[in-house]
Protein chains: 2
Amino acid sequence: CAEAAHPNLVITSDNIEQMRAAIDEPGRFKNAFDKQRHMVDELIKHPIVVPVPKDGGGGYTHEQHKKNYQLMYNTGVMYQLTQDKRYADYVRDMLLAYADLYPTLDVHPKRKVKAQNPGKLFWQSLNEAMWLVYTIQAYDLIYDALNSSQIKTIEDNLLKPVALFLSEGQPSTFNKVHNHGTWATAGVGMAGYVMNEPEWVEKSLYDLDKSGKGGFLKQLDILFSPQGYYNEGPYYHRFALLPFVTFARAIENNEPDRAIFQHRNGVLLKAIYAAIDLSYNGLFFPINDAIKSKGTDTIELVHGVAAAYALTNDNRLLDIANQQNQIVLTGDGLKVARALDNNLAQPYQYQSTAFGDGSNGDEGALVVMRSDIDGEQALLFKPASQGLGHGHFDKLTWQFYDRGNEIVSDYGAARFLNVEAKYGGRYLPENESYAKQTVAHNTVVVDETSHFNGDVSVGNANAPTLDFFETTDKGTVSAGSIDTAYAGVQLSRTLALVNLPDLSRTIAIDIFNVIADQAHQLDLPLHYQGQLIDTNFAIEANTDLLKPVGKNQGYQHLWQKGQATPEAGLARVTWLNENGRFYTQTTLTDGTESFIFTQIGANDPNFNLRNEHGFIRRVRGVSQHRFISVLEPHGEYTPSKEFTLNAVSQVSSLEYSEQGSLSLIEVTVEGRQFLVAINGTEDAQANSTEFSYKNHQYNLDDRLGVYVLSNH
Amino acid sequence: CAEAAHPNLVITSDNIEQMRAAIDEPGRFKNAFDKQRHMVDELIKHPIVVPVPKDGGGGYTHEQHKKNYQLMYNTGVMYQLTQDKRYADYVRDMLLAYADLYPTLDVHPKRKVKAQNPGKLFWQSLNEAMWLVYTIQAYDLIYDALNSSQIKTIEDNLLKPVALFLSEGQPSTFNKVHNHGTWATAGVGMAGYVMNEPEWVEKSLYDLDKSGKGGFLKQLDILFSPQGYYNEGPYYHRFALLPFVTFARAIENNEPDRAIFQHRNGVLLKAIYAAIDLSYNGLFFPINDAIKSKGTDTIELVHGVAAAYALTNDNRLLDIANQQNQIVLTGDGLKVARALDNNLAQPYQYQSTAFGDGSNGDEGALVVMRSDIDGEQALLFKPASQGLGHGHFDKLTWQFYDRGNEIVSDYGAARFLNVEAKYGGRYLPENESYAKQTVAHNTVVVDETSHFNGDVSVGNANAPTLDFFETTDKGTVSAGSIDTAYAGVQLSRTLALVNLPDLSRTIAIDIFNVIADQAHQLDLPLHYQGQLIDTNFAIEANTDLLKPVGKNQGYQHLWQKGQATPEAGLARVTWLNENGRFYTQTTLTDGTESFIFTQIGANDPNFNLRNEHGFIRRVRGVSQHRFISVLEPHGEYTPSKEFTLNAVSQVSSLEYSEQGSLSLIEVTVEGRQFLVAINGTEDAQANSTEFSYKNHQYNLDDRLGVYVLSNH
Ligand SMILES: [Zn+2]
Ligand SMILES: [Zn+2]
């Protein structure tokens, strides 16, 4: 058979020529190269260590084998760029050491008993597949420095056995439509390209039996929604992205006719854009088990953005690349570096979007609303599905962001990554007992019980519905509902981020409707970031004795700092965020809602939780209730310049009424009266509607109407 | 008499020529001018409003008169720079409106009863003096656009009466050696220059009777220490600075022979530098009643730095000016703008310094220790005096800063400046009940009672002693003591910020010695910023019921979250700061110290306090105790890049011993043994000392010695 060109995976020989030229000129690519070379030079000073596998995740041999594959890859790149044989020799020697070791290995001693996915070098085959993804690229990069006997040893004793072990050796993982399967198919498929085994490529793409029931293409079809949304949320999305982008790039370079990036209307590019769109101020929206500091500068997305830029020449992606401040040493990375050097970056435009959830995009949606007329704002609404084992019981929750900060927040994951003292760096017990529970979110809890009674499998089987989504110059509106979170209870929520004409500012409207077939206690928590400034009702504060709000399902972790039952009318809670702005939530209450002021931290013997604040609106013994409120950013607190503006809410009236499927919210802001109309009809496309309100006629063309009633 | 040139106060006619040229060229000065002009143009669109005085501080007429004087000044500057008569006319008309109003006024209706400092336009003459400081400059700036009848009206009916009212009219304030006196003498003195009343200048400088017992020069002699430290601390320092700098600049321009900036060895320049030196990461050290967001970019210091730069050409000041990011429209401001445009800025070098407190520098000191070998670090030690009514009962407290953040912190002032809902924006009740109390600080509390039993006058009369201060390449060490905070109790503390040889890192050593003539309970709190990560002893956590630690003197505001009594040996508490670094305090305990873990927020019915964390080391029923500990920054938590380094303390042993006046601390860090020797002899200059430790001989040339005992 024809000898394959080397290298020809993510990096091709064409790339290499240009990259070699680029490192002779000043610029971002050369800077990245210099930095990487320095790092590699430091590391290859040390002797090669390829230990006999012994330890599980986090242990010494585990970490050493991880370091090894990263170093082989980086050193291989250095060889290609500098043509300094020292680098090739290092990779060669390490590969030969592995080729010595591998034939002696049985499955890993720390494998999970009875699990179908053991590794040999690692306790699980996921890591083994990651090893292969990096190592096959490293091998490809130094191939031309090897003699035929070395090639034979490395391929026969190491790379082919590993590829076979990960494919024929464990079909259930290899064929699985899951990110573990993606790593395996990516590694084996690339091994097929490098070692001239086209059958391996076919099997990687179409299942071991080439039926198309499993394999890389099926994964692309199932794991992302048509809009490119990944079911587990952005934190896991970016993790899953890397093998997709890597293998796809290798396919594109070897077999452009497969048009892999056009597959399913370009879903892979959509997935890269979705990862960007699901961030605020550079950080991913922290839904489900997410660590809050992860964002668009993560290495997986650096690769993703580079690939997407190379394929699309979309200069707005350079805005993200600029923020990432990291250049990968690939042909795509070079293209990004050159474009940035030439100042081609254009501002990335974040859009209001509903990302359909599920393979067909019909298992609810994750909704992002954006506005930048009054500070950069985002409202995240989550009528999305459970998202597997890392999902939270947070159906219909929302989050609000303004001027760079979280305002109405989600706890994210309770975890200190890799901090041994904090439960070995794993998810803390409080992740289960608090962070996943419904009360940790900004959504309704019935009878102090979490959605689906906290059962993940029930959650996975029952997605909410996205009832509608619309974005126009008036703002963005969306509604979602679910009747399976609790037996006999229908939860429906409508959220709108509304631009107020003339005032150049926004408000967020929240209408949460609960209809049940019997009486319940209904709680709607709001977790805010900041310090409480004022309420327009008296709080009975618990000043010298604190007790938890409840006994379990997350309530045991909330100290009850005070309570109140405001009279019918408007109940206001104002807090000050660290961004120097005030936020007031104004609730239209009928006098039955009591407010419970909370702070996280009870039943937390190891001080694992952040002691954040919130309040719960509670009604008892009702079968129907509508929670109605408006969130209003206002004013400015700048003590450094000794000025404070508009610390007091400017929402002076709020009325709610309905006409058929039309919800009408009348609100007075800064003395101006506005009418917001939301057409909740079930028609897929809302039609033009006429209605009359307080003796005036109005016409509503779409779902969201905003009318100025008076200017005084 | 000779007609004075106009303008000739802070801004001179020479300045004006250069400033006019500068606004025709691109650069920082023109940018600042354009911005200011736009602001002035917006404001002078509105009709002139000079209301009859009625309201006290914060009320409408009060705020309107404040706005008026600022606007007159800014508009006057615009007139000089643009020569557009519109601006002069606006100022003229407002001055004439004031000249109409002023003769009709008696003292202000909201004046304090029986107080000797009422104003007429304002409830207190302090504001009236500020009005004059701005207004006399505005008048000077538009003088050449006025005819003689306007001049006569404005001077005879307004400016001269105001100046006489503030001088002859209230001698006790005018002659007072206090910042209120500074504003009065500055206003009256500048009025003397502008209106050719040299006697007024003399009186402003030397007291109304020209005895020199009061007046501006006496204020310079008394209000600052020889090192330029202002007794109330940096937050009030920057406030007091403005009239000093303004009047001094006017004196320098009118009568350079007075050499005002050389007065008392250049104390005014020292005071400007001190304000800079008493900051960390751009924010003033928050001692006493300080709002934490105030820093070196405050307008008072923008003027101060501009003046200091014009006088010294010290290019390091441009580093500060750069951070201030604001150019004042004066001759000095132009000089700064040009220098910045020409990239002349050099890094400002923050030094370790002991700022003597009190007029003679002998009432204790405020000590700043700095290190930048392992992150930018500062240790603030406060054996300083009470600092008048805004002082806190915090003798010998300390604070620690690292990598941009507070690590061991001071609460600062409990106040939301100008936020009406928070106690009218004034100091909150919790400022007295918590923030000022000793337990809110990182220093010893005896029998749960604050220093001086919370009596300010006793505090003011009894300063601590600075026992020694030394800074070398080994680090910085200082000791202070006080025996008047509690009857029969001697408090002595030694703090050192030590550079560890070979390791390129620092530790802070804290030795707090208490000797009493009878048994007491001794508490040493430490208020840390961050989340508790680990302790090497079990904490009995109060998980489902919280109570306050005590009943009063600040203890009533601390929730008791847990308690423990570690065994004799090393007791470690590790927390993680938002800067991504870990901090461990290792206490060498004899087994008698119990640890009480606290969170601020009890007895706080209006949610006024920030809910920060701390722990109190407590011993009971002892007449002597030495608290010994080491604070160690370590490791890195970077979840965004998925790595965590050295989350565990690397201090593995700690021993303490004494030989005469020599304190010997043996500490093992990263497996290396160090001996730190501190020579506490009372000699002003420590002499060379020889000592023997564990059978080795050592020589100590100065106060601080750091020796490597072993490398393993
Ligand atoms: Zn969550
Ligand atoms: Zn304080």
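Undergrad: Can you explain the coordination of the zinc ion (ligand 2)? Please cite residues and give values.
TA: Residues and elements named next belong to chain B. Around the zinc ion (ligand 2), the donor atoms from the protein are His392 (ND1), Asp410 (OD) and His441 (NE2), and they sit 2.1 to 2.4 Å away. Read in sequence order, the donor residues for the zinc ion (ligand 2) give the motif H-x17-D-x30-H. One end of the pair, histidine 392, is in the loop between strand S5 (377-382) and strand S6 (397-402); the other, histidine 441, is in the loop between helix H16 (429-435) and strand S8 (445-446), with 49 residues separating them in the sequence. On the basis of relative accessibility, which here comes to 0%, the residue histidine 392 falls in the buried class. For histidine 441, a relative accessible area of 0% translates into the label buried.

Undergrad: Any details on the interface of chain A and chain B? Residues and values, ideally.
TA: Taken together, the 50 residues of chain A in the interface contact 50 residues of chain B. With both sides pooled, the region where chain A packs onto chain B buries about 4,200 Å², and carbon together with sulfur makes up 57% of that total. Counting every contact that joins chain A to chain B gives six salt bridges. Mapped by element, the contributors of at least two residues to the side of chain A that touches chain B are strand S13 (531-535), strand S15 (558-564), strand S18 (594-600) and strand S21 (643-645) of chain A. With four residues, S13(A) is the single largest residue contributor to the side of chain A that touches chain B.

Undergrad: Give me the lowdown on the sheet that holds strand S27 (residues 704-710) of chain A, citing residues and values where you can.
TA: All names here are of chain A. Reading across from one edge, S22-S23-S24-S27 is the order of the four strands in this open sheet, with antiparallel pairing throughout. Of all strands in the sheet, those bounded by a partner on one side alone are strand S22 (651-659) and S27. The sheet shows a mean angle of 20° between the axes of neighbouring strands, direction not considered. Across six bridges, the pairing between strand S24 (residues 672-679) and S27 is antiparallel. Residue pairing across strands places isoleucine 678 opposite leucine 704, the latter belonging to S27.

Undergrad: Tell me what's going on with the side chain of A:Asn442, and back it up with residues and numbers.
TA: Residue and element names in this part refer to chain A. Mapped onto the secondary structure, asparagine 442 falls in the loop between helix H16 (429-435) and strand S8 (445-446). Owing to a relative accessible area of 0%, asparagine 442 belongs among the buried residues under this scheme. Among the polar contacts made by the side chain of asparagine 442, one reaches the main-chain carbonyl oxygen of serine 409 at a distance of 3.0 Å. A polar contact of 2.7 Å, which involves the side chain of asparagine 442, links it to the backbone nitrogen of histidine 527. In contact with asparagine 442, other than residues within four places in its own chain, are Leu396, Thr397, Trp398, Val408, Ser409, Arg493, Leu524, Pro525, Leu526 and His527.

Undergrad: An account of the coordination of the zinc ion (ligand 1) is needed here, citing residue identities and associated values.
TA: Of the protein atoms, only A:His392 (ND1), A:Asp410 (OD) and A:His441 (NE2) coordinate the zinc ion (ligand 1), at distances of 2.1 to 2.4 Å. The sequence pattern describing where the donors of the zinc ion (ligand 1) fall on their chain is H-x17-D-x30-H.

Undergrad: Quick one: what's the story with the packing of aromatic side chains, residue by residue and with numbers?
TA: Inspection of the entire model under this criterion finds 61 aromatic pairs over all chains. With centroids separated by 6.1 Å and ring planes inclined at 50°, the aromatic side chains of A:Phe597 and B:Phe607 adopt a geometry described as tilted. Residue A:Phe597 is found in strand S18, and its partner B:Phe607 is found in the loop between strand S18 (594-600) and strand S19 (613-634); the two belong to separate chains. Accessibility expressed as a relative area gives 2% for A:Phe597, which makes it buried. In this structure B:Phe607 comes out as buried when scored by relative accessible area, which is 9%. Each residue in the set A:Tyr528, A:Phe537, A:Trp575, A:Tyr583, A:Phe595, A:Phe597, A:Phe615 and B:Phe607 is aromatic and connected to the rest through ring pairs, giving one cluster. Between the NZ or CZ atom of B:Arg316 and the centre of the ring of B:Tyr348, over which it lies, the distance is 5.0 Å. Over the face of the ring belonging to B:Tyr411 we find B:Arg610, whose NZ or CZ atom lies 4.0 Å from the ring centre.

Undergrad: Describe the pattern of salt bridges, listing the residues and the values that go with them.
TA: Residue and element names in this part refer to chain A. On inspection of all chains with the given rule, the structure shows 85 salt bridges over all chains. Put simply, aspartate 34 and lysine 30 hold a salt bridge, and the shortest N to O gap is 3.1 Å. Taken together, the residues span about one helical turn, with aspartate 34 and lysine 30 both in helix H2 (residues 28-43) at a distance of four residues. The class of aspartate 34 is partly exposed, set by a relative accessible area of 35%. Classification of lysine 30 as partly exposed rests on a relative accessible area of 25%. Between aspartate 502 and arginine 672 there is a salt bridge; the shortest N-O distance is 3.7 Å. Pair noted here: aspartate 502 is in the loop between strand S11 (489-500) and strand S12 (505-528) and arginine 672 is in strand S24, with a separation of 170 residues, a long-range link. Residue classification places arginine 672 among the partly exposed positions, given a relative accessible area of 24%.

Undergrad: Go over the relation of the copies chain A and chain B, please, and point to the residues and values.
TA: Structural alignment of chain A on chain B gives an RMSD of 0.1 Å, achieved by rotating through 180° and translating 0.2 Å along the axis. Such a combination of turn and shift is consistent with a two-fold rotation axis. Residue A:Leu546, judged by its C-alpha, is the member of chain A lying nearest the rotation axis, at 2.5 Å. Interface residue correspondence from chain A to chain B reaches 100%, placing this contact among same-surface, isologous pairings.

Undergrad: Outline unusual backbone geometry, listing residues and values.
TA: All names here are of chain A. Residues histidine 6 and proline 7 are joined by a peptide bond in cis, for which omega reads -10°. Note that proline 7 resides in the segment before helix H1 (13-22). Look at asparagine 325: it is not a glycine, yet its phi comes out positive at around 55°. By secondary structure assignment, the location of asparagine 325 is in the loop between helix H14 (317-324) and helix H15 (331-341). On the basis of relative accessible area, asparagine 325 is assigned to the exposed category, the value being 70%. Phi at arginine 403 takes a positive value of approximately 40°, unusual for a residue other than glycine. Locating arginine 403 in the fold gives a position in the loop between strand S6 (397-402) and strand S7 (405-408).

Undergrad: Describe the packing of helix H4 (residues 85-101) of chain B against helix H6 (residues 148-166) of chain B, listing the residues and the values that go with them.
TA: Residues and elements named next belong to chain B. Where H4 contacts H6, the axes come no closer than 9 Å and their chain directions differ by 45°. When the axes of H4 and H6 are compared, the pair comes out oblique. Crossing hand, H4 versus H6: left-handed. Counting all contacts with H4, which are made through Arg92, Leu95, Leu96, Tyr98 and Ala99, the residues of H6 involved are Gln150, Thr153, Ile154, Asn157 and Leu158. Split by residue class, the contact of H4 with H6 holds six nonpolar, three polar and one charged.

Undergrad: Any chance you could break down helix H14 (residues 317-324) of chain B for me, citing the residues and the numbers?
TA: Residues and elements named next belong to chain B. Those residues of H14 lying buried are Leu317, Leu318, Ile320, Ala321 and Gln324. Each buried residue of H14 sits inside an arc of 155° when the element is viewed along its axis, so together they form one side. Elements that come into contact with the buried residues of H14 comprise helix H12 (263-277), helix H13 (299-312) and helix H15 (331-341).

Undergrad: So what's going on with the side chain of A:Asn679? Residues and values would help.
TA: All names here are of chain A. Relative to the helices and strands, asparagine 679 resides in strand S24. Residue asparagine 679 is classed as buried on the basis of its relative accessible area, which comes to 3%. From its side chain, asparagine 679 meets the backbone nitrogen of threonine 681 in a polar contact 3.1 Å long.

Definitions and cut-offs
- Residues numbered from 1 in each chain as written.
- Chains lettered and ligands numbered in written order.
- Predicted model: local features only at pLDDT ≥ 70, side-chain atom pairs only at ≥ 80, totals over all residues.
- Heavy atoms only, no water.
- Donors = N, O, S within 2.8 Å, 3.2 Å for Na, K, Ca; no water.
- Helix = DSSP H or I, 4+ residues; strand = E, 2+ residues; numbered from the N terminus.
- Buried < 20%, exposed > 50% of the residue type's maximum accessible area, 1.4 Å probe, protein only.
- Contact = heavy atoms within 4.5 Å.
- Buried area = accessible area lost by both parts, 1.4 Å probe.
- Salt bridge = Lys/Arg side-chain N within 4 Å of Asp/Glu carboxyl O.
- Pairing = 2+ DSSP bridges.
- Axes fitted to C-alpha atoms, helices over the stretch in contact; angles between N-to-C directions.
- Polar contact = N/O pair within 3.5 Å; in protein donor to acceptor, adjacent residues only side chain to side chain.
- Phe/Tyr/Trp six-rings, centres within 6.5 Å; stacked < 30°, edge-to-face > 60°.
- Lys NZ or Arg CZ within 6 Å of the ring centre and 35° of its normal.
- Least-squares fit on C-alpha atoms with pLDDT ≥ 70 in both.
- Parallel < 35°, antiparallel > 145°, perpendicular 65-115°, else oblique.
- Left-handed = near helix turned anticlockwise from the far one by under 90°.
- Nonpolar A, V, L, I, M, F, W, Y, C, P; charged D, E, K, R; others polar.
- Arc of directions from axis to C-beta.

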